[in-house]
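The chain contents come next:
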Amino acid sequence: MIKFDCTHACSMDEIVAYQDRVNEVHKWITEKTGKGNDFLGWVDWCKNYDKEEFEQIKKSAEFARNNCDVFLVCGIGGSYLGARAAIEMINGLYADKKPEIIFIGNTFSSTYISQVMKYIENKEVCVNVISKSGTTTETAIAFRLLKQFMERKYGKDGARERIFATTDKAKGTLHDLAKAEGYQMFVIPDDIGGRYSVITAVGLLPIAVAGINIDDVMNGVKKAFDDFNTEADLTKNPAYAYAVARRVMEEKGKVAEMFVSYDLNTTMLAEWWKQLFGESEGKEEKGILPCSATFSTDLHSLGQFVQDGRKCLYETLVLFEKPIEDMIFPEDAENADSMNYLAGKNLDWINKMAMQGTLEAHEKTGGVPNLIIKAEDMSAESFGYMCYFFFIACAMSCYLLDINPFNQPGVEVYKKNMFKLLGKN
Ligand code: PA5
């Protein structure tokens with residue numbers, strides 16, 4: 001379901017040279033013995049997930065779909081990016097589906113928070129607060145506002161029915177609060193970190209509320225598990241080949257990787273990917289800087305840098321063979337815009353020609369290597385499959401650098417300073 005092509009960046013021989021090292025790391029992943037191994041629960045989650053909770057997710061999603069205009073997802077980082085990536089990729093940006101999904105708890109911006117609070121004032125609302133630690137400040141600030149709003153609007157009992165909490169199964173401030181209030185609770189497993197959690201209730205509840213079939217998502221994860229977990233051979237495992245290609249690029253002095261897609265509804269997929277690789281790999285003064293662009297939109301901004309600027313980056317082109325929708329460009333009798341040369345062509349064909357032209361310009365003229373990841377479509381199953389592809393590629397990529405992929409010690413530094421300034425004990 002995913003094809004990987006390194007030929008616009010390096011040779012397969014350069015990748016296969018890593019085979020012995022990959023065999024060793026493959027064992028660390030599948031036998032769960034690598035660094036940070038208490039966070040390798042995502043590896044076989046598609047077999048082990050709680051089926052009862054899965055059914056409850058569907059029920060709660062159905063309740064929300066029938067009872068609200070706006071479904072608020074209150075979380076930050078791994079507690080929202082995956083759901084947002086999935087919903088936008090699978091449904092598109094203007095799918096005209098109800099309820100509308102709004103993300104909050106991911107910023108301190110007073111403008112953003114105030115505007116969301118005003119926007120929901122006269123709407124029917126449900127809330128999903130998501131935090132593994134249960135103490136994340138951005139999320140806690142937004143949730144206090146939402147909780148008060150919900151209780152004013154629906155009363156304590158009504159609010160209780162409409163608030164869902166996804167958090168640790170046994171401990172934490174949010175866990176204790178949700179339990180005391182009697183909210184429907186969902187669990188973030190102990191052995192799955194935030195940025196690997198989209199395939200748990202963290203991602204699945206908002207995804208189901210958006211009308212997406214979560215069985216299909218999990219089928220995609222399972223297929224990817226079957227494809228990548230049993231095979232360390234770099235000529236047969238595209239996820240590992242991609243991970244190794246990143247290291248090959250780095251050896252050639254490429255310090256930045258630009259995730260490039262050609263569909264605006266995959267911009268958040270790139271944001272999710274940036275978190276996955278940035279937070280997992282950027283440690284001990286090592287790692288490749290993940291950045292992203294959506295072409296052709298960003299060809300009119302960043303394209304200049306990619307073509308002619310400093311040769312510090314390579315692109316990872318994430319292509320979808322089938323778009324969600326397509327249309328034919330119409331003929332115009334007057335042809336005043338001189339665009340009739342495209343009449344009768346599909347917009348997706350035009351997009352793909354732009355991609356081919358750009359690939360050639362960047363690679364051949366600009367000297368920018370391109371790794372290509374090709375997926376069939378933007379379905380729920382493809383999303384699940386792609387998540388697992390990137391999870392296992394990320395773990396391999398980090399372990400090849402001898403880095404623990406599952407912690408984020410650097411994130412704590414700003415928090416310490418901020419708490420001091422905020423007067424937190
Ligand atoms: O990947 C991670 O672990 C982080 O990005 C967290 O998801 C993020 O910081 C939010 O944390 P929490 O879910 O504890 O509120």
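Residues numbered from 1 in each chain as written. Predicted model: local features only at pLDDT ≥ 70, side-chain atom pairs only at ≥ 80, totals over all residues. Heavy atoms only, no water.

- An unreviewed UniProt entry annotates the protein chain as Glucose-6-phosphate isomerase of Peptacetobacter hominis.

## Side note on the sheet that holds strand β10 (residues 370-375)
Sheet strands pair by backbone hydrogen bonding; their relative direction is either parallel or antiparallel.
Here's step 1: An order of β1-β10-β9-β7-β8 is seen for the five strands of this open sheet, with the pairing classed as mixed. What marks the edges here is a single partner per strand, and that holds for β1 (2-8) and β8 (289-294). For this sheet the average axis-to-axis angle between neighbouring strands, irrespective of direction, equals 20 degrees.
Here's step 2: Here six bridges tie strand β9 (residues 313-320) to β10, and the two strands are oriented parallel to one another. Looking at the pairing, T316 lines up with L371 of β10.
Here's step 3: Seen against the sheet, helix α12 (residues 267-281) touches β7 (256-261), β8 and β9 and runs at an angle of roughly 175 degrees to β8. (Pairing = 2+ DSSP bridges. Helix = DSSP H or I, 4+ residues; strand = E, 2+ residues; numbered from the N terminus. Axes fitted to C-alpha atoms, helices over the stretch in contact; angles between N-to-C directions. Contact = heavy atoms within 4.5 Å.)

## Section: a negative patch on the surface
Here's step 1: Taken together, the side chains of E331, D332, E334 and D337 make up a negatively charged region of the molecular surface.
Here's step 2: With respect to the helices and strands, the residue D337 is situated in the loop between β9 and α14 (347-365).
Here's step 3: Relative accessible area serves as the criterion here: at 47%, D337 is assigned to the partly exposed category. (Patch = residues over 30% accessible without salt bridge, like charges linked within 9 Å, V, L, I, M, F, W, Y side chains within 5 Å. Areas by Shrake-Rupley, 256 points an atom, 1.4 Å probe, with all protein chains shown as cover. Salt bridge = Lys/Arg side-chain N within 4 Å of Asp/Glu carboxyl O. Lys, Arg positive; Asp, Glu negative; His and termini not counted. Charge placed at Lys NZ, Arg CZ, Asp CG, Glu CD. Buried < 20%, exposed > 50% of the residue type's maximum accessible area, 1.4 Å probe, protein only.)

## Thoughts on the side chain of R246
Here's step 1: By secondary structure assignment, the location of R246 is in helix α11 (residues 238-251).
Here's step 2: Judged by relative accessible area, which is 0%, R246 ranks as buried.
Here's step 3: Not counting residues within four places of it along the chain, the set of residues in contact with R246 comprises E257, F277, E281, I288, Y314 and S397.

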